[in-house]
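Topology and contacts: notes
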Amino acid sequence: MHSLILLLLSFLAAVTSAACLYLFYLLFVWPRRNPLSRLPGPPVRRFLGNHLGAVLDPSRSPRVHEKFVKDYGRNVRIRGPFPWEERLFTLDPVSLAHILKHSTIYEKPWQSRALISSMIGVGMLAAEGQTHKRQRRVATPAFSIQNMRALVPVTFQKGMELKNRWLALISEAKDLSKDEKTYGGLKLDVCHWVSRATFDVIGLAGFGYEFNAIHNQSNELFMAYKEMFETAISQHKGSLWDLLALYYPIIDKIWPGERYRVVKKSHEVINRVAGRLIQEKKHKIEEAEKAGSVYGGKDLLSALLKSNIAVDLPPDQRISDEDILHNINTFLFAGSDTSSLTVTWLLYLLARYPEVQDRLRTELLSIAPATSLESLTQDEIASLYGVIAELPFLENVVKETLRLIPPVHSSIRVALQDDVIPTSTPVELRSSGGKVEKVDRFLMPKGSCVHVPIEAFNLDREVWGPDGWAFNPDRWDNLPEAVKAQPGLYNNILTFSAGPRSCIGVKFSIIEIKMFAYILLTHLKFAEADPVGKANVVLTRPYVMDKHREGSQCPLFVIPIDQKASG
């Protein structure tokens, strides 16, 4: 027994010594050897200090980003959460295009993937490498232009339901405030209601499932997703416990916290109900095949399942039912939350700039059909959207909203191997002796992270002009030449990312945003209510100033307009 205790103590001493040596290496040796330490960058004023708060807070990040470029250039060294973690912050279009293009070298860090997969599974947001490539190959046909057009009536239906729900709330309202009486409308949390509507859209478009969230919030599957997304993501506090659980997931299993319990409970409902929906869809597809026909389901799940059994898809490239469920979860998260926030910010910006709102409404009303919207057939709805999609000022307003307030503020990638990153402008590298060398490429060491500042690229005033921080839809009629060099899937902005990991649902998102804008703005006016600010809580969300504890909100006065004018 005595020898066993001695052996255990010796083992603990060895582990402690090894840990101390490794910590010494990280704190004192690695910083001198790290190639990123040669890059220019802002100082850290405390031993445990970092720059993450400055670059992640949307209330000050534009000023910080601009100061970085002015003082240090477009490739900057910043400090991560630990004293030994130097990160690359890049606003260089050539450097960033290289990083986003080489997605097999630069992946999401395992911590980010673990957080995402713990909630929505290993779908396209969390998958990397061959798994991501296989999933994307199967999903791509589901997002074809033809399939996206088939979903236009769904967005129209839910846009109309939201409009009618708001009009009903306004007509039934009693005990109006003085401001509500002055405006002739009702103060509503637009963020809350639009979120419910986009959830309905992605439910029908995603797997032909009616959440009916606009009218009530009692649906079992809706509540499971809502609680998981809101509790586990929107209200994620970023405490020390959360950080430890992220790096050491076993902590959640040994001492499960509130987040873990909510996610586990939600997963039980999702796996049961959504899993059943997948099996029902598969059965319908098989029955149609036996009958010599093709199942006509137009939702993404049906398209995914049909694509997954296509004869030209090799068996080893097909994905499992579990992968399909994870990707439906991913579409629900990405398709509802990001689109709802863009519609919310669009309405907020139009409330702040009423002259832009009036001008846009005039354009929208100019194409109003001769009959009421309620009487339109599916073909007529599709034709109407074809006209809506081509409206020039609506296009400019949507682009400008997505540029000014991208739902994803920033992202992060980690280098899986040493890599040489090219630059558009020379970078000043400093040697240990203080000598400065100007180079057009630099070494990115394996295991180091890149901060991808999506918002900063979209707001860069050296690229977009002196009014780059302002809401100016007319800029899109005469863009500066420098914009054309910017990377980005959509109109040289990074909102939908770029490269192999760019957003697969961009077409559907634009359809949803434009259709909602058309229906709401031809029936309602919007005016500012409470002062609203931005907070980066997984996504860039609106909050009432000084009321962050009350959660994401965007109160606006919603005012009916002359129904005859809207057709």
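What you see is a predicted model, and the numbers here were worked out from it, not measured in a lab.

Turning to the sheet that holds strand E5 (residues 411-415), a few remarks are in order. Spatially, the 5 strands line up as an open sheet ordered E1-E2-E8-E5-E3, and their pairing is mixed. Of all the strands in the sheet, just strand E1 (75-79) and strand E3 (106-107) have a single pairing partner and so form its edges. Relative to E5, E3 is paired through 2 bridges, and the arrangement is antiparallel. Considered in E5, the bridge of Glu-107 is made with Val-414.

Before going further, it helps to examine the packing of helix H17 (residues 354-365) against helix H19 (residues 392-404). Between H17 and H19, the least distance of the axes is 9 Å, while the angle of their chain directions is 140 degrees. It follows that H17 is oblique to H19 by the angle criterion. Remark: the crossing between H17 and H19 carries left-handed chirality. Counting all contacts with H17, which are made through Val-356, Arg-359, Leu-360, Glu-363 and Leu-364, the residues of H19 involved are Pro-392, Phe-393, Leu-394 and Val-397.

A separate point is the side chain of Ser-266. Its place among the elements puts Ser-266 in helix H14 (residues 258-290). By relative accessible area, Ser-266 is classed as buried at 2%. When neighbours within four sequence positions are excluded, Ser-266 is seen to be in contact with Ala-224, Glu-227 and Met-228.

What follows covers unusual backbone geometry. At Ser-497, a residue that is not glycine, the phi angle is positive and equals roughly 65 degrees. Here Ser-497 is to be found in the loop between helix H21 (461-464) and helix H22 (506-521). Overall, Ser-497 belongs to the buried group, its relative accessible area being 17%. Notably, Val-538 is not glycine yet its phi reads approximately 70 degrees, a positive angle. One can find Val-538 in the loop between strand E10 (532-537) and strand E11 (539-544).

Here we come to the packing of aromatic side chains. According to the stated counting rule, one finds 18 aromatic pairs in the structure shown. Pairing Phe-82 with Trp-84 gives two aromatic rings, centres 5.2 Å apart and planes at 5 degrees, and the pair type is stacked. Residue classification places Phe-82 among the partly exposed residues on the basis of a relative accessible area of 26%. For Trp-84, a relative accessible area of 24% puts it in the partly exposed group.

Spatial strand order, E4-E12-E9: 3 strands in an open sheet with antiparallel pairing. Of all the strands in the sheet, just strand E4 (186-189) and strand E9 (524-528) have a single pairing partner and so form its edges. Neighbouring strand axes in the sheet, compared pairwise and without regard to direction, differ in orientation by 40 degrees on average. As paired strands, E9 and strand E12 (residues 555-560) are joined by 5 bridges and run antiparallel to one another. Note on E12: the bridge partner recorded for Leu-524 is Pro-560.

Moving on: the environment of Thr-540. Within the secondary structure layout, Thr-540 lies in strand E11. A residue is classified by how much of its surface remains accessible, and Thr-540, at 3% relative accessible area, is buried. Spatially, the C-alpha atom of Thr-540 lies 22 Å from that of Arg-87, the residues being 453 residues apart in sequence. Other than its neighbours up to four places away in sequence, Thr-540 contacts Leu-341, Trp-345, Ile-405, Pro-406, Pro-407, His-409, Lys-534 and Ala-535.

Before going further, it helps to examine the environment of Ser-340. Tracing the backbone shows Ser-340 in helix H16 (residues 321-352). Along the primary structure Ser-340 and Asp-321 are separated by 19 residues, whereas in three dimensions their C-alpha atoms are 28 Å apart. Look past the residues within four positions of Ser-340 in its chain and what remains in contact with it is Val-194, Ser-195 and Thr-198.

A separate point is the pairing of E1. For a regular strand, side-chain orientation follows a simple rule: the groups alternate between the two sheet faces. Within E1, 5 of the 5 residues are buried, which leaves the element mostly enclosed by the surrounding structure. Residue alternation in E1 divides its side chains into two sets, Asn-75, Arg-77 and Arg-79 and Val-76 and Ile-78, and both sets are buried. With 5 bridges joining them, E1 and strand E2 (residues 86-90) adopt antiparallel strand pairing. Considered in E2, the bridge of Arg-79 is made with Glu-86.

With that settled, consider the pattern of salt bridges. All chains considered together, the criterion is met by 32 salt bridges. Here Glu-400 ties to Arg-403 by a salt bridge, and the two come within 2.9 Å at their closest N and O atoms. One end of the pair, Glu-400, and the other, Arg-403, are both in helix H19, 3 residues apart, so they sit about a helical turn from each other. A relative accessible area of 0% places Arg-403 in the buried class. Within the structure, one salt-bridge network assembled from shared partners comprises Lys-158, Glu-161, Asp-200 and Glu-210.

Parameters at a glance
- Residues numbered from 1 in each chain as written.
- Predicted model: local features only at pLDDT ≥ 70, side-chain atom pairs only at ≥ 80, totals over all residues.
- Heavy atoms only, no water.
- Pairing = 2+ DSSP bridges.
- Helix = DSSP H or I, 4+ residues; strand = E, 2+ residues; numbered from the N terminus.
- Axes fitted to C-alpha atoms, helices over the stretch in contact; angles between N-to-C directions.
- Parallel < 35°, antiparallel > 145°, perpendicular 65-115°, else oblique.
- Left-handed = near helix turned anticlockwise from the far one by under 90°.
- Contact = heavy atoms within 4.5 Å.
- Buried < 20%, exposed > 50% of the residue type's maximum accessible area, 1.4 Å probe, protein only.
- Phe/Tyr/Trp six-rings, centres within 6.5 Å; stacked < 30°, edge-to-face > 60°.
- Salt bridge = Lys/Arg side-chain N within 4 Å of Asp/Glu carboxyl O.

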